[in-house]
Amino acid sequence: MNSAEFISILSVAALSSVGHCIGMCGGFALLLSRFLSGKGKKFSLAVIAGYHLARICAYILLGFIFGSLGGVFTLSLAARGYVFFAIGIFMAVLGAALIKRGKVLNFIEKNVFLSKILNEKMKAAIAKNSVLGFLTLGFLNGLLPCGVVYYFLALAIASGSGAKGALIAATFGAVSFFAMSFYALVLKTTSEKFKKHALNLSGAAIIIYGIYLSFIGFTASNG
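Residues numbered from 1 in each chain as written. Predicted model: local features only at pLDDT ≥ 70, side-chain atom pairs only at ≥ 80, totals over all residues. Heavy atoms only, no water.

Moving on: the overall build of the chain. For the chain, the count of helices and strands is 9 helices and 0 strands. Across the chain, helices and strands are ordered from the amino to the carboxyl terminus as α-α-α-α-α-α-α-α-α. Taking contacts inside the chain between residues at least 6 apart in sequence as the whole, the part at least 24 apart equals 84%. Split by element, the accessible area of the chain, about 11600 Å² in all, is 73% carbon and sulfur. (Helix = DSSP H or I, 4+ residues; strand = E, 2+ residues; numbered from the N terminus. Contact = heavy atoms within 4.5 Å. Areas by Shrake-Rupley, 256 points an atom, 1.4 Å probe, with all protein chains shown as cover.)

Okay, structure coming up:
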């Protein structure tokens, strides 16, 4: 993981957690808070940590799978260049879609078949109203179609390694956990305008890194 990639991961994870993830996953956090209402502080903290760890485990699994797939497509320098170029273009489009937030983003995030399966599993997990149910919900939450997660999976593919892909996903998960926790504890009164600016900045960071990756790919494939 080079310095540019590391900075990209940190900035996008932190900014998108406030600008995108809070809105996408806020409903699950509300359900969790209701379940923990009246419970002890230590128990509540343990369940919340477990929920997010389960979510991060889902990211790590996806990162490993997509990183391993990337290794198949990057056997030669030229092939790696083409993959980098294509992923960079995808990132630029994704970043613009996150900023614009419209039909393009809906199209990117829409996966009717996967969403239907996950929604059914989530309803079953919520219905259990138990610790195991919410741990399961956390893991399933990590599998939901999401533009920001797609960005990190694209990075995993570009890494060309299951281990590196898992590390990228774990870094995103850890940063998003701390950023979302900080938001919930300290910045919960932050205006919608601030969250929009954070989302725009994360989108811009994705676009910039996408252009950078495309340039590297173009150079490698024509070198």
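What follows picks up the thread again.
Let us now look at the UniProt feature "transmembrane region" (unreviewed entry) in the chain. Following the UniProt record, one finds the feature "transmembrane region" (unreviewed entry) at residues 6-32, 53-75, 81-99, 131-153, 165-186 and 198-220. End C-alpha to end C-alpha, residues 131-153 measures 29 Å, and it is 78% helix and 0% strand. In residues 198-220, the share of helix is 100% and the share of strand is 0%. The end C-alpha atoms are 33 Å apart. (UniProt positions renumbered as here; feature names shortened; annotations may be inferred.)

Before going further, it helps to examine helix α6 (residues 131-141). Buried residues of α6: G133, F134, L137, G138, L140 and N141, and no others. Seen end-on, α6 carries its buried residues on one side only, within an arc spanning 165°. (Buried < 20%, exposed > 50% of the residue type's maximum accessible area, 1.4 Å probe, protein only. Arc of directions from axis to C-beta.)

Our focus in this paragraph is the packing of helix α2 (residues 41-73) against α6. For the pair α2 and α6, the least separation of the axes is 7 Å and the interaxial angle reads 35°. Between α2 and α6 the crossing geometry is right-handed. Together, F43, V47, G50, Y51, A54, R55, C57, A58 and L61 of α2 and V131, F134, L135, L137, G138, F139 and N141 of α6 make up the contact between the two elements. Looking at the contact of α2 with α6 residue by residue, the class counts come to 12 nonpolar, 3 polar and 1 charged. (Axes fitted to C-alpha atoms, helices over the stretch in contact; angles between N-to-C directions. Left-handed = near helix turned anticlockwise from the far one by under 90°. Nonpolar A, V, L, I, M, F, W, Y, C, P; charged D, E, K, R; others polar.)

Contact geometry for α2 and helix α7 (residues 147-159): axes closest at 6 Å, N-to-C directions at 40°. Overall, the two elements α2 and α7 adopt an arrangement that is oblique. As α2 packs across α7, the resulting crossing turns out to be right-handed. Note on element contacts: α7 touches α2 through V149, L153, A156, I157 and S159, opposite Y59, L62, G63, F66, G67 and G70. (Parallel < 35°, antiparallel > 145°, perpendicular 65-115°, else oblique.)

Now for the side chain of S214. Positionally, S214 belongs in helix α9 (residues 192-221). When its relative accessible area of 8% is taken as the criterion, S214 is described as buried. Residue contacts for S214: discarding those within four places in its chain leaves F84, F85, G88 and I89.

Relative to the elements of secondary structure, A49 occurs in helix α2. Between the alpha carbons of A49 and L135 there is a distance of 9.5 Å; along the sequence they are 86 residues apart.

In total, this model carries 4 aromatic pairs according to the counting rule given. With a centroid separation of 4.1 Å and 20° between ring planes, the pair formed by F152 and F172 is classed as stacked. Separated by 20 residues along the polypeptide, F152 in helix α7 and F172 in helix α8 (residues 162-185) bring together distant segments of the chain. Put simply, the rings of Y59, Y151, F152 and F172 pair up and form one aromatic cluster. (Phe/Tyr/Trp six-rings, centres within 6.5 Å; stacked < 30°, edge-to-face > 60°.)

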